[in-house]
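Now for the letters of each chain:
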Amino acid sequence: MDHRHTPPLPRLPPGLDIRSAAVLREIVEQYVETGEPMGSRTLSRLLPHKLSPATIRNVMADLTDAGLLFSPHTSAGRLPTERGLRLFVDGLLQFGELSDEERTNINLALAQSGRSLQDTLAHASSLLSGLSAAAGLVLAPKGEGPVKHIEFVPLSPGRALVVLVSADGQVENRIIETPPGLPPSALQQASNFLNAHLSGLTLAELRKHVGAKLAADRSALDELTSAVIEAGLATWASDGRSGSLILRGQGRLLEDIDQLEKLSAIQALFERLETEETLLKLLDLAEESDGVRIFIGAESGLFGTAGVAMVVAPARNAQDRIVGAIGVIGPTRINYGKIIPVVDYTARVIGRLLG
């Protein structure tokens, strides 16, 4: 017999009485722990209120009729539906604070010196994956920090490479079309002009500053060089809110998959995560929240994959500006109570690192 202590129920979700709430919570917690359906006899041993198996079966039937439970096969056991999981997460989930030791370990893991920012973010993603037994994701927006250097490099007639070096050492390259008849000296002149006006500006600030400068004094540069500068800065303007997504632990999503359609759905999820649209949506989801958000199944609008859950939190800097998103993606039976405080605290640490 399982003698584990069951804490008292928090506030009851709408539509549930204390018995149905207790039954739903036990079934979800069994699902999170083992993935197995739970029957009335097992429930009768675990519930703090002594109820007969017959009474519990009636409660389970009511929860099934309400769309909160389902029977995976002919057995009498029940599993939670995605709607049941949502009700559990919103009204029945209990989670505690991280211990001082756990906080210290996360801080130490992410604060090691001598690593590049990209390596630190990749390590954060791996850390989340290890702590959650799910796939860890870290999204850092591009072009948000100060720009250190910009260079225009000729490639071939009509084409040039724009090299942007950020203050934290990240390097990005873009190819642009150059105006016909552009002399090679114009590319060097464009590089010199922009680097003379950097002075700690972000890319967005630089675009605004240079645009105002050229508008106020058209004689500062000739028309062709001005066109090159505008093209070089504009190449980042269209995706200025995009980001760099680092995903680790994807293999955890493939564990225990025995159905071909589920495997193809997970593969489609991986492909979806690589798209620009998904990166923008992830940032939108983070910006809409002050803290951790939980999405079950298709709730996020990012993907329609059933059986998958995402826990995501915004990373904010000292000025409370969104500088990224931190989270995990895993099966719907991830340990929400454990993962939520981990994601929340890791997001705060990454916010400080990026801020």
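So, here's what we can say about the structure. (Residues numbered from 1 in each chain as written. Predicted model: local features only at pLDDT ≥ 70, side-chain atom pairs only at ≥ 80, totals over all residues. Heavy atoms only, no water.)

**Considerations on the overall build of the protein chain**
Each helix and strand counted, the protein chain has twelve helices and ten strands in total. Taking all 355 residues of the protein chain together, the buried fraction comes to 45%. Long-range pairs, those at least 24 residues apart, make up 60% of the contacts in the protein chain between residues at least 6 apart in sequence. Of the roughly 17,500 Å² that the protein chain leaves accessible, carbon and sulfur atoms contribute 52%. (Helix = DSSP H or I, 4+ residues; strand = E, 2+ residues; numbered from the N terminus. Buried < 20%, exposed > 50% of the residue type's maximum accessible area, 1.4 Å probe, protein only. Contact = heavy atoms within 4.5 Å. Areas by Shrake-Rupley, 256 points an atom, 1.4 Å probe, with all protein chains shown as cover.)

**Description of the packing of helix α1 (residues 18-34) against helix α3 (residues 53-65)**
The N-to-C vectors of α1 and α3 enclose an angle of 80 degrees; their axes lie 10 Å apart at closest approach. When the axes of α1 and α3 are compared, the pair comes out roughly perpendicular. Residues Arg19, Ser20, Val23, Leu24 and Ile27 of α1 lie in contact with α3, whose contacting residues are Thr55, Val59, Met60 and Leu63. Residues that form the contact of α1 with α3 fall into these classes: six nonpolar, two polar and one charged. (Axes fitted to C-alpha atoms, helices over the stretch in contact; angles between N-to-C directions. Parallel < 35°, antiparallel > 145°, perpendicular 65-115°, else oblique. Nonpolar A, V, L, I, M, F, W, Y, C, P; charged D, E, K, R; others polar.)

**Brief notes about α3**
For α3, spanning 13 residues, the distance from its first C-alpha to its last is 18 Å, which sits close to the expected 18 Å at 1.5 Å a residue. Those residues of α3 that sit buried are Ile56, Val59, Met60 and Leu63. For α3, the angular spread of buried residues about the axis comes to 100 degrees, placing them on one side. Turned more than 90 degrees off the buried face of α3, the exposed positions are Asn58, Asp62 and Asp65. Considering only its buried residues, α3 is in contact with α1, α2 (40-46) and β1 (69-70). Just beyond α3, the residue with positive phi is glycine 67, at close to 80 degrees. (Expected span 1.5 Å × (residues − 1). Arc of directions from axis to C-beta.)

**Notes on the environment of leucine 221**
Residue position: leucine 221 is located in the loop between α8 (203-216) and α9 (223-237). Given the relative accessible area of 7%, leucine 221 is considered buried. Residues leucine 221 and glutamine 189, 32 residues apart in the sequence, show an inter-C-alpha distance of 8.6 Å. Ignoring any residue separated from it by four or fewer positions in sequence, one finds leucine 221 in contact with Gln189, Phe193, Leu214, Ser226 and Ile229.

**Regarding the pattern of salt bridges**
Overall, the coordinates contain four salt bridges when judged by the stated rule. Residue arginine 103 pairs with glutamate 97 through a salt bridge whose shortest N-O separation is 2.9 Å. Of the charged contacts in the structure, one is a salt bridge between aspartate 344 and arginine 348, with a shortest N-O distance of 3.3 Å. With aspartate 344 and arginine 348 both in helix α12 (residues 336-354) and four residues apart, the pair spans about one turn of that helix. Judged by relative accessible area, which is 23%, aspartate 344 ranks as partly exposed. (Salt bridge = Lys/Arg side-chain N within 4 Å of Asp/Glu carboxyl O.)

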